[in-house]
Protein chains: 2
Amino acid sequence: MSDEASRVALLERAFGRAPRGVLCGIGDDAAVLAPGRDRLVWTVDVQVEGVHFQRSWLGLDALGYRSVMAAASDLAAMGARPRAVLSGLVLPPGFSDAELGALARGQARACRELGTAVVGGNLARGGELSVTTSVLGHAARPLLRRGARPGDGVWVAGTTGLAAAGLAWLARAGGAARVPVALRAAVAAWQRPVARIDAGALVARRAHAAIDLSDGLAIDLARLARASGVVVVLAEEALVTEALTRAARALAARGVAASALELALHGGEDYALVAVLPARGTPAGLAAAGFRCIGSCEPRAPRGASPLVLVARTGTRRPLAARGFDHFARGGARARAVS
Amino acid sequence: MSDEASRVALLERAFGRAPRGVLCGIGDDAAVLAPGRDRLVWTVDVQVEGVHFQRSWLGLDALGYRSVMAAASDLAAMGARPRAVLSGLVLPPGFSDAELGALARGQARACRELGTAVVGGNLARGGELSVTTSVLGHAARPLLRRGARPGDGVWVAGTTGLAAAGLAWLARAGGAARVPVALRAAVAAWQRPVARIDAGALVARRAHAAIDLSDGLAIDLARLARASGVVVVLAEEALVTEALTRAARALAARGVAASALELALHGGEDYALVAVLPARGTPAGLAAAGFRCIGSCEPRAPRGASPLVLVARTGTRRPLAARGFDHFARGGARARAVS
């Protein structure tokens, strides 16, 4: 293990040149950026070994990639574009320079795909590996969770439940086993999520509200519904995709009981983007950008009623529990729970 | 232990209202800020239990306070003022709501003293407690490490070595013992550092370069000297203060061998502010703001020579090793090493 200066030099090489508008990057006390005209949109996300991931479930390169994408997904949900990234790494004893290089390459690759770069951060030792990612971005008109109105359509770009199916398989198989064909898309959804920056930018001017799906469709949409004061009505037939049905069947064949609908409603970490759009004047290119309509908004529910309703294929309506991943609920370690 | 929603509500209460210019704080996917006219100055710092601190050495309130101050100190070193703070917490099993409340109150208190607030963050479970703090600030003309010129004076605001003396005592005594009078200032320097935002703002227009002392005077000033292409010449008599001499003697009486000069040169975590100022036109109020002159800059050293020189009380000059705390050097766990 080398000293801090040589590790910082290794990271500088991996992260490359600072993007436009970044006046001072790695190597000073802090990063310096030009202010720009747009509003600033700023988030932080933490990924901890043993809680959010096991190293047997994904390579360090994929961990770096996933950490950046998970953090940047919060910006997509505001219709914002990332300007720069700070990376806070806690490295356990014995973590080698080669391992640090792989982690940094994954972070750099995700940044390149998003048109940004890591411009600074912090290195520290610790007992367990963790990756903290702060992303600073900009938006002319950031989308909030509040703002959805009765009559609006609820659109999603990305998978719902597929990442949880992939995670369930990795947790079951331990990461070393070969991934069955029926579960490849699911494992990829968990290992390599994508922050839907372009999709967010596409709807930024028209959407009334937006959120990204990190903890699960039901719990995240309940947050949006409550913040907006509406009821979100979801169509079961729009949620249960073919890929998800295949994955759920493949899991069941391996002793993991999880219905496709349960996965779609309560599985987290897809980092799909939900945008709530007025029924009239839906932006062109919505389907081309990967959006599909999964429901609509109705007036606020009576006090105490669930802000979420599911319409089954039969047409029956039932209220939905706003549960999903919860880091602090009993037994709710994200890396162990499927839903 | 309660669920995530109630913990977020607890944090919202502790952190209070968002400061001016923050358009959206806790409770959405990301924080939203008005851009402002100044340049943005942005940093992240991580404090890990067992590496940067032991819980027996300081209360959780003090940990929260110290985490914010340590991170904001990077902004002081750029002559910047903080606008907002994001907090990423990793909480070990059994961490109670009362403990979370104490930690958050300390963060909120430090923010109030700095004229800012926590406006968002991330909660996660983990095996060990860690506090990641990202601070976003602004400066019309950020000070860098490069820019020092031969003939400039080297000024410091804050203690040098005192925090390391306090840490050495805490590590020795385990935190439970009563602090001897001669070490009270030292323990306070380690437990309750202050980000010198006002001092940084005072010199921001005149200073050629600046840095904060986190890893130790020698290693941090060597960074500034190398970035600027100068030699920094330090006066021993200016470094060894009375308080430090008293603390070193009290440590020696308790079996911890550390000379006052060693502590001043190689002890870290004082978060003092070093500003390099031209000899002419030193800003008024420098002494009143706590600055004292500790040396000066000379032309670049020959290749391979140390960029640091110490002038002893006798007038003898000797090159200084640029060592200090290093998280990755052998045996260099910050919470265990004195220098």
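Basis of the calculations
Residues numbered from 1 in each chain as written. Chains lettered and ligands numbered in written order. Predicted model: local features only at pLDDT ≥ 70, side-chain atom pairs only at ≥ 80, totals over all residues. Helix = DSSP H or I, 4+ residues; strand = E, 2+ residues; numbered from the N terminus. Rg over C-alpha atoms; globule rule 2.2 N^0.38 Å. Buried ≥ 20, exposed ≤ 12 C-beta atoms within 10 Å, placed from the backbone. Contact = placed C-beta atoms within 7 Å. Expected span 1.5 Å × (residues − 1). Nonpolar A, V, L, I, M, F, W, Y, C, P; charged D, E, K, R; others polar. Pairing = 2+ DSSP bridges. Domains from an automatic or database assignment. Core = buried A, V, L, I, M, F, W, Y, C linked by C-beta atoms within 7 Å. Axes fitted to C-alpha atoms, helices over the stretch in contact; angles between N-to-C directions. Parallel < 35°, antiparallel > 145°, perpendicular 65-115°, else oblique. Left-handed = near helix turned anticlockwise from the far one by under 90°. Least-squares fit on C-alpha atoms with pLDDT ≥ 70 in both.

Enquirer: What's the story with the overall build of chain A in this structure? I'm lost.
Expert: In terms of regular secondary structure, chain A is built from 10 helices and 13 strands. In terms of overall size, chain A behaves like a compact globule, its C-alpha atoms giving a radius of gyration of 20 Å where 339 residues would be expected to give roughly 20 Å. Seen through its C-alpha atoms, chain A measures out along the principal axes to roughly 65 × 50 × 35 Å. Counting across all 339 residues of chain A, residues that qualify as buried make up 57%. Considering only intrachain contacts with a sequence separation of at least 6, the fraction spanning at least 24 residues in chain A is 84%.

Enquirer: Help me out: how do you make sense of helix 3 (residues 97-113) of chain A in this one?
Expert: Side chains that are three or four residues apart share a direction in an α-helix, a result of its 3.6 residues per turn. All names here are of chain A. Taking 1.5 Å per residue, 17 residues should reach 24 Å; helix 3 reaches 24 Å between its end C-alpha atoms and fits that length. Buried within helix 3 we find L100, L103, A104, G106, Q107, A108, A110 and C111. The secondary structure elements touched by the buried residues of helix 3 are helix 1 (4-15), helix 2 (60-76), strand 4 (81-91) and strand 5 (118-125). One or two steps after helix 3, the chain reaches G115, where phi turns positive at roughly 75 degrees.

Enquirer: Got a minute to help me understand the interface of chain A and chain B in this structure?
Expert: By a frequent convention, interface size equals the accessible area lost on bringing the separate parts together. Across the boundary between the two partners, chain A contributes 59 residues, which contact 59 residues of chain B. Top contributing element to the side of chain A that touches chain B by residue count: strand 3 (residues 39-48) of chain A, with nine residues. In the side of chain A that touches chain B, the residues fall into 30 nonpolar, 14 polar and 15 charged. With three bridges joining them, strand 3 of chain A and strand 2 (residues 31-33) of chain B adopt antiparallel strand pairing. Pairing of W42 of chain A across the sheet is with A31 of chain B, part of strand 2 of chain B.

Enquirer: Any chance you could explain the domain arrangement of chain A here in plain terms?
Expert: All names here are of chain A. For chain A, the assigned domains read domain 1 (4-139) and domain 2 (153-319). Each of domain 1 and domain 2 was reduced to a C-alpha centroid, and the two centroids are 26 Å apart. Among the elements of the structure, helix 2 and strand 4 are those that each provide at least two residues to the side of domain 1 that touches domain 2. Classifying every residue of the side of domain 1 that touches domain 2 gives 14 nonpolar, four polar and three charged.

Enquirer: How should I be thinking about unusual backbone geometry in this particular structure?
Expert: Excluding glycine, a negative phi dihedral is what most residues carry, and trans is how most peptide bonds are arranged. Residues and elements named next belong to chain A. Unusually for a residue other than glycine, E269 sits at a positive phi of about 75 degrees. Inspection of the secondary structure assignment puts E269 in the loop between helix 10 (260-266) and strand 10 (272-277). By the C-beta count within 10 Å, which is 23 here, E269 ends up buried.

Enquirer: I tried to follow the nonpolar core on my own but got confused; where do I start?
Expert: The nonpolar side chains of soluble globular proteins are, as a tendency, buried together. Ranked by size, the top nonpolar core spans 246 residues in total, and within it A165, A210 and V274 of chain A together with A165, A210 and V274 of chain B carry the most contacts. With residues up to four places along the chain from it excluded, the contact list for V274 of chain A reads V154, W155, V156, A210, I211, L213 and L221 of chain A.

Enquirer: Help me out: how do you make sense of the sheet that holds strand 3 (residues 39-48) of chain B in this one?
Expert: Pairing between the strands of a sheet comes from backbone hydrogen bonds, and it takes one of two forms, parallel or antiparallel. Strand order in the open sheet formed by six strands is 1(A)-2(A)-3(B)-6(B)-4(B)-5(B), and the pairing between neighbours is mixed. The outermost strands of the open sheet, each flanked by one partner alone, are strand 1 (22-24) of chain A together with strand 5 (118-125) of chain B. Looking at each pair of strands side by side, their axes are set apart by 20 degrees on average, direction ignored. Strand contacts of helix 2 (residues 60-76) of chain B: strand 3, strand 4 (81-91) and strand 6 (130-139) of chain B, with the helix running at about 140 degrees to strand 3 of chain B, the strand carrying the most contacts.

Enquirer: What should I look at first to understand the environment of G59 of chain A in this one?
Expert: All names here are of chain A. With respect to the element layout, G59 can be found in the loop between strand 3 and helix 2. On the basis of neighbour counts, which here come to 16 C-beta atoms within 10 Å, the residue G59 falls in the partly exposed class. Each C-alpha atom, one on G59 and one on Q191, is 9.1 Å from the other, the two residues being 132 residues apart in sequence.

Enquirer: Sorry, what's going on with the packing of helix 1 (residues 4-15) of chain B against helix 3 (residues 97-113) of chain B here?
Expert: The description of two helices packed together rests on the angle between their axes and the distance between the axes. Residues and elements named next belong to chain B. Viewed as axis vectors pointing N to C, helix 1 and helix 3 meet at an angle of 30 degrees, and their least axial separation amounts to 9 Å. One element, helix 1, and the other, helix 3, form an angle in the roughly parallel class. Helix 3 is crossed by helix 1, and the crossing has right-handed handedness. Between helix 1 and helix 3, the contacting residues are R7, L10, L11, A14 and F15 on the first element and D97, L100, G101, A104, R105 and A108 on the second. For the contact of helix 1 with helix 3, a count of residues per class yields seven nonpolar, one polar and three charged.

Enquirer: Which parts of the structure should I look at to understand the relation of the copies chain A and chain B?
Expert: Between the two copies of the chain lies a relationship made up of a rotation around an axis and a movement along it. Superposing chain A onto chain B requires a rotation of 180 degrees together with a translation of 0.0 Å along the rotation axis, leaving an RMSD of 0.0 Å. Considering both components of the superposition, the chain copies are consistent with a two-fold axis. Every residue of chain A has its C-alpha some distance from the rotation axis, and the shortest such distance is that of P35 of chain A, at 2.8 Å. In this assembly, 100% of the residues forming the interface of chain A have copies in chain B that are likewise at the interface, indicating an isologous arrangement.

Enquirer: How do you make sense of the sheet that holds strand 12 (residues 308-311) of chain B when you look at a structure like this?
Expert: Residues and elements named next belong to chain B. Read across the open sheet, the seven strands follow the order 8-10-7-11-9-12-13; overall the sheet is mixed. Of all the strands in the sheet, the pair left with one neighbour each is strand 8 (209-213) and strand 13 (317-319). When the angles between neighbouring strand axes are averaged without regard to direction, this sheet yields 30 degrees. Here strand 12 pairs with strand 13 via three bridges, running antiparallel. Paired with V309 across the strands is P319, a residue of strand 13. Relative to strand 8, helix 7 (residues 217-228) is tilted by about 160 degrees, and along the sheet it contacts strand 8, strand 9 (230-235), strand 10 (272-277) and strand 12.

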